[in-house]
Amino acid sequence: MSKVRQIRVRPRYGPFGSRRRGRGRIGSRKSGRRIPKGVIHIQAGFNNTIITVTDALGRVVYWSSAGTCRFRGPRKGTPFAAQTATGDAIRTVVDQGLKRAEVMLKGAGLGRDAALRAIRKSGIRLSSIRDVTPIPHNGCRPPKKRRV
């Protein structure tokens, strides 16, 4: 009788055995933690919009961006991409029990107003909206004068 050797084949697409598209987070939708109050950080650049939702202590609960919502290239900086990314993040944290939130806006991109509009439509009560865009008070030191 000959021995049959079993070869353990590793999954082709990582440890989960299937191709995971888009979402790089594990177990983000079904979290046991309830968060009644949180902070929504919106970083609106000209090329992308990143939404981060944290609890009251500053621990990240969920994040989303226009890039993770499968927008590529110049479409990542559009208001529609920002609205889609915000809707994705808000839907998840509302399922976890978020009722009230503060909003911190950073940047001067096109997705700023669209993201805020999407939060207002979601039914979350906003306690405050703050603009935390970094503004230089005197800027960097200029280069020294060129000598010819």
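Cut-offs applied
Residues numbered from 1 in each chain as written. Predicted model: local features only at pLDDT ≥ 70, side-chain atom pairs only at ≥ 80, totals over all residues. Heavy atoms only, no water. UniProt positions renumbered as here; feature names shortened; annotations may be inferred. Pairing = 2+ DSSP bridges. Helix = DSSP H or I, 4+ residues; strand = E, 2+ residues; numbered from the N terminus. Buried < 20%, exposed > 50% of the residue type's maximum accessible area, 1.4 Å probe, protein only. Polar contact = N/O pair within 3.5 Å; in protein donor to acceptor, adjacent residues only side chain to side chain. Expected span 1.5 Å × (residues − 1). Patch = residues over 30% accessible without salt bridge, like charges linked within 9 Å, V, L, I, M, F, W, Y side chains within 5 Å. Areas by Shrake-Rupley, 256 points an atom, 1.4 Å probe, with all protein chains shown as cover. Salt bridge = Lys/Arg side-chain N within 4 Å of Asp/Glu carboxyl O.

- As annotated in an unreviewed UniProt entry, the chain is Small ribosomal subunit protein uS11c from Uvaria macrophylla.
- UniProt annotates the chain under Sequence similarities (unreviewed entry) with the comment "Belongs to the universal ribosomal protein uS11 family."
- Quoted straight from UniProt, the Subcellular location (unreviewed entry) entry for the chain says "Plastid, Chloroplast".

### Concerning the pairing of strand β1 (residues 37–44)
Then, in step 1: Pairing geometry for β1 and strand β4 (residues 100–106), over seven bridges, is parallel. Looking at the pairing, His41 lines up with Met104 of β4.
Then, in step 2: Alignment of β1 against strand β2 (residues 49–55), held across seven bridges, turns out to be antiparallel. Residue pairing in the sheet places Val39 in a bridge with Thr54 of β2.
Then, in step 3: Between β1 and β2, which pair antiparallel one after the other, the connecting turn spans four residues.

### Details of the side chain of Ser64
Then, in step 1: Tracing the sequence through the fold places Ser64 in strand β3 (residues 60–65).
Then, in step 2: On the accessibility criterion, Ser64 (0% relative accessible area) is buried.
Then, in step 3: In this structure the side chain of Ser64 is engaged in a polar contact, spanning 3.4 Å, whose partner is the backbone oxygen of Ala85.

### Things to note about helix α2 (residues 111–122)
Then, in step 1: With twelve residues, α2 should cover 16 Å at 1.5 Å per step; its first-to-last C-alpha distance of 17 Å lies within 8% of that length.
Then, in step 2: Within α2, the full set of buried residues consists of Gly111, Arg112, Ala114, Ala115, Leu116, Ala118 and Ile119.
Then, in step 3: One or two steps after α2, the chain reaches Gly123, where phi turns positive at roughly 95°.

### A look at the environment of Ile119
Then, in step 1: Looking at the secondary structure, you find Ile119 in helix α2.
Then, in step 2: For Ile119, a relative accessible area of 0% translates into the label buried.

### As for a nonpolar patch on the surface
Then, in step 1: Together, Ile50, Val60 and Trp63 make up a nonpolar patch on the protein surface, roughly 240 Å² of accessible area in all.
Then, in step 2: Tracing the backbone through its elements, the reader meets Ile50 in strand β2.
Then, in step 3: Among the residues examined, Ile50 registers a relative accessible area of 32% and is labelled partly exposed.

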